[in-house]
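# Coordinate analysis (summary)
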Amino acid sequence: MSTVEMQKQSIGLADMANAIRALSMDAVQKANSGHPGMPMGTADVATVLFARHLKFDASEPNWPDRDRFVLSAGHGSMLLYSLLHLTGYPGMDIEQIKNFRQLGSMTAGHPEYGHAPGIEVTTGPLGQGVATAVGMALAERMMAARHGDGIVDHYTYALAGDGCLMEGISHEAISLAGHLKLGKLIVLFDDNGITIDGKTDISVGDDQLARFRASGWDVASVDGHDADAIDAAIAAAKQTDAPSLIAAKTVIGFGAPTKGGTSATHGAPLGDEEIAGAREKLGWPYPPFEVPDNIMDAWRAAGARGAAERTAWEGRLAGLDNDLRNVFERAVNGDLPLGWETGLDEFKKRMSEEAPKLATRIASQKVLEVLTAAVPEMVGGSADLTGSNGTKVAGMQAVEAGDFSGSYVNYGVREHGMAAAMNGIALHGGLVPYGGTFLVFADYCRPAIRLSALMGKRVVYVMTHDSIGLGEDGPTHQPVEQIASLRAMPNLNVFRPADIVETAECWALALHNDKTPSVMALTRQGLPTLRTEHSLENRSAKGAYVLAEASDGAGARKVTLLATGSEVEIAMAARETLEAAGTPTAVVSVPCFELFAAQDEAYRKSVLGSKTVRIGVEAAVRQGWDALIRNHGGFIGMDSFGASAPIGQLYQHFGITADAVVAEAKKRL
């Protein structure tokens, strides 16, 4: 049969799916790198979803009430790129497909949020997509409770593989979703029985349907190459009140004549000979990167299928009361309410006057009382440490299954799942998530924090009990290296405030920075208010500032003590001793290394001083401090794990005292 004759035939879903297969194997082959097996195996599932179910309009990729599609198995990125190209998303032309995995292209090896319209989330680390989708589905229900189902009413779909479900985060995610009965979440499981090492039965024997069912999910199993069965399963899933798993039994590398169904198709190009055989087996005689007009037309029709529904939605939005519409549009745009900082400035002034002695975790809670009233889209939560983290304030109601009108999420002991869900909430739009745990458990959250930073999303991690200052719980709970490791991450602001005033300022900065996530490292122990003179200026905004200058002025300064958090109090006591001994000494508070590094050289020099002894003070490891104190500067901190004892004994035992700071300074004068 000639190409012309084939083009005259009516186009079915199988033809549309084969377009995905062809583009995927061609792009991977040209790049000589990638994963063709997953896109070829799930092409039928994706075609049914995009052609018959997914609510979207390719011409308006950011329509707020679109369904979300998360490719959790991010290694199969050519599936997503093929879909975006075929349905007509802006910018995803055939040249982008040809430049798969090349520098500067939209089509990175794994989908990267922000690179192209239609990429809802950065995926690649397996399991993250499933857990992020839970956050998206949760945000959808919470936004619907606030703005009405006429404005917010959409589904979240995640396509996951065996690897996603093996990762531990998947358990946290499916448990939370089942508990909250997120009925508008549908996970499509690419049940191909293959991983890189071979068949899955060499490493896992889980009954995934039973596992999901045990967590309260609706489950179904279908032939992943039977379009009608897939269609019926998705339609049924949309009618349930529980989240749904559809296990689609597929053949990885479907169509590849000798490698199909094997791990050989997972992570390497098929090769010219295998691709030629696949073209013959699939009945796809077209040259590489060519999709015939009639198949492309069918796909473009699928991409435009949601236009009428979008137009109707726009009419409903326009029909809202002006104030209601403005609130919705402001929230989904990520803008904060006008005047939201007014109450915070008044709070700062009152705290400077009252000068309370509070743990910064308690200070944070007091700040949140002000902020959550001013910024109603803030959504709090904690990994079963609400009282310890201080993340819930008076008047906050918890989100529950069937009632999503609250603004607080009880995440349970699921730190990793919490962090990924907060990414999903932020990605969905309309809400500003923050969640708490102990700083030492940042290690449990780290992969999701890294994705927050990589995607540039405003997510706030409230991490309390930030040093040996937590005391008797001992070294398993005392963070020593965590602060340094978090500071090493690009595009992450790590705040360690010294008192309640700095805590308020750091929270303001976390909300201002809408393209950077933040960590709030907060103490268990009480700290005095050091900023007793009110200033409208956010002095923490530059990352570091002179809290107390040398008594004879900056020009006379001999010693500069730089400290963060709970150790600023110690530096101030050391300064008093040094000044009394005739040594002009300044104290620099450094609430955020990252913001200080972003300042111009003149400001940094004015803060650090020239030709002075510099001593860093922090109850953590030295790593990262040398940029401030120079390689030959002094450092008072930790070089080992902590110990179980009362706080006062611990600071003495590890030599983090004002006397130790004074001695270090004198040694270097």
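That block above? That's the structure.
Conventions and cut-offs
- Residues numbered from 1 in each chain as written.
- Predicted model: local features only at pLDDT ≥ 70, side-chain atom pairs only at ≥ 80, totals over all residues.
- Heavy atoms only, no water.
- Helix = DSSP H or I, 4+ residues; strand = E, 2+ residues; numbered from the N terminus.
- Pairing = 2+ DSSP bridges.
- Axes fitted to C-alpha atoms, helices over the stretch in contact; angles between N-to-C directions.
- Contact = heavy atoms within 4.5 Å.
- Salt bridge = Lys/Arg side-chain N within 4 Å of Asp/Glu carboxyl O.
- Core = buried A, V, L, I, M, F, W, Y, C linked by side-chain atoms within 4.5 Å.
- Buried < 20%, exposed > 50% of the residue type's maximum accessible area, 1.4 Å probe, protein only.
- Disulfide = S-S within 2.5 Å.
- Expected span 1.5 Å × (residues − 1).
- Arc of directions from axis to C-beta.
- Parallel < 35°, antiparallel > 145°, perpendicular 65-115°, else oblique.
- Left-handed = near helix turned anticlockwise from the far one by under 90°.
- Nonpolar A, V, L, I, M, F, W, Y, C, P; charged D, E, K, R; others polar.

## Thoughts on the environment of Ala58
Inspection of the secondary structure puts Ala58 in the loop between α3 (37-53) and β1 (68-71). Each C-alpha atom, one on Ala58 and one on Ala307, is 8.4 Å from the other, the two residues being 249 residues apart in sequence.

## A short note on the sheet that holds strand β18 (residues 585-589)
In spatial order, the strands read β16-β18-β17-β19-β20; together these five strands make up an open sheet with mixed pairing. Only two strands of the sheet have a single neighbouring strand rather than two, namely β16 (545-548) and β20 (634-636). Strand-to-strand twist across the sheet, computed as the mean angle between neighbouring axes with direction ignored, equals 30°. Of the pairings in the sheet, the one linking strand β17 (residues 559-563) to β18 comprises five bridges and is parallel in character. In the strand pairing of β18, Val559 is matched with Thr585. Packing against the sheet, helix α24 (residues 601-608) makes contact with β16, β17, β18 and β19 (613-617), and its axis sits at approximately 20° to β16. In the packing of helix α27 (residues 658-668) onto the sheet, contacts are made with β17, β19 and β20, and the angle to β19 comes to roughly 155°.

## With respect to the sheet that holds strand β2 (residues 156-161)
Reading across the sheet, the five strands line up as β1-β2-β3-β7-β6 and stay open at both edges, with parallel pairing between neighbours. The open sheet has two free edges, formed respectively by β1 and β6 (218-223), since each of these has just one partner strand. Strand after strand, the sheet turns through a mean of 20° between neighbouring axes, direction not considered. In the packing of helix α6 (residues 128-147) onto the sheet, contacts are made with β1, β2 and β3 (185-191), and the angle to β2 comes to roughly 170°.

## Looking at the pattern of salt bridges
Under the defined criterion, the tally for this structure stands at 30 salt bridges. The salt bridge involving Arg524 is made with Glu472; its shortest N-O contact spans 3.9 Å. Taken together, the positions of Arg524 in the loop between β14 (518-522) and β15 (526-527) and Glu472 in the loop between β12 (460-464) and α20 (482-487) put the pair 52 residues apart, joining distant regions of the chain. Several salt bridges converge on common partners, so that one network encompasses Asp466, Arg487, Arg496, Glu567 and Glu618.

## Side note on the nonpolar core
The nonpolar side chains of soluble globular proteins are, as a tendency, buried together. In terms of nonpolar packing, the biggest core is built from 131 residues, with Phe69, Leu138, Leu182, Trp217 and Trp299 touching the most fellow members. Ranked by the residues each element gives to this core, the list is headed by α6, at eleven residues. Among residues more than four places away in sequence, those in contact with Trp299 are Met16, Ala19, Ile20, Thr47, Phe50, Leu83, Leu86 and Thr87.

## Re the state of the cysteines
On inspection of all chains with the given rule, the structure shows zero disulfides. Looking at Cys506, it has no disulfide partner, and the nearest cysteine sulfur is the one in Cys592, 7.2 Å off. Judged by relative accessible area, Cys592 falls into the buried class, the value being 0%.

## Notes on helix α15 (residues 342-354)
When the terminal C-alpha atoms of α15 are compared, their 19 Å separation across 13 residues agrees well with the 18 Å that a helix rising 1.5 Å per residue should span. All of the buried residues in α15 are Leu344, Phe347, Lys348, Met351 and Ser352. Buried residues of α15, viewed axially, fall in a sector of 135°; they line one side. Turned more than 90 degrees off the buried face of α15, the exposed positions are Glu346 and Glu353.

## What about the packing of helix α16 (residues 360-374) against helix α21 (residues 500-512)?
Running from amino to carboxyl end, α16 crosses α21 at an angle of 55°, the nearest separation of the two axes being 9 Å. With respect to their mutual orientation, α16 and α21 come out oblique. In this structure, the crossing between α16 and α21 has a hand that is right-handed. Counting all contacts with α16, which are made through Thr360, Ala363, Ser364, Lys366, Val367, Leu368 and Leu371, the residues of α21 involved are Ile500, Thr503, Ala504, Trp507 and Leu511. The residue makeup of the contact of α16 with α21, split by class, is eight nonpolar, three polar and one charged.

## Thoughts on the packing of α3 against helix α4 (residues 77-87)
It is the contact of α3 with α4, at a shortest axis distance of 9 Å, that shows an interaxial angle of 40°. One element, α3, and the other, α4, form an angle in the oblique class. Crossing handedness for the pair α3 and α4: right-handed. Together, Met38, Pro39, Thr42, Ala43, Ala46 and Phe50 of α3 and Met78, Leu79, Leu83 and Thr87 of α4 make up the contact between the two elements. In terms of residue class, the contact of α3 with α4 is built from eight nonpolar, two polar and no charged.

## What to know about the environment of Tyr89
Structurally, Tyr89 is set in the loop between α4 and α5 (94-98). Given the relative accessible area of 10%, Tyr89 is considered buried. Once the C-alpha coordinates of Tyr89 and Pro61 are considered, the two residues, 28 residues apart in sequence, prove to be 7.1 Å apart.

## So, unusual backbone geometry
Backbone geometry places Asn32, a non-glycine residue, at a positive phi of 55°. Along the chain, the position of Asn32 falls in the loop between α2 (13-31) and α3. Overall, Asn32 belongs to the exposed group, its relative accessible area being 59%. Phi is positive for Lys181, which is not a glycine, with a value near 55°. Within the element layout of this structure, Lys181 appears in the loop between α8 (168-180) and β3.

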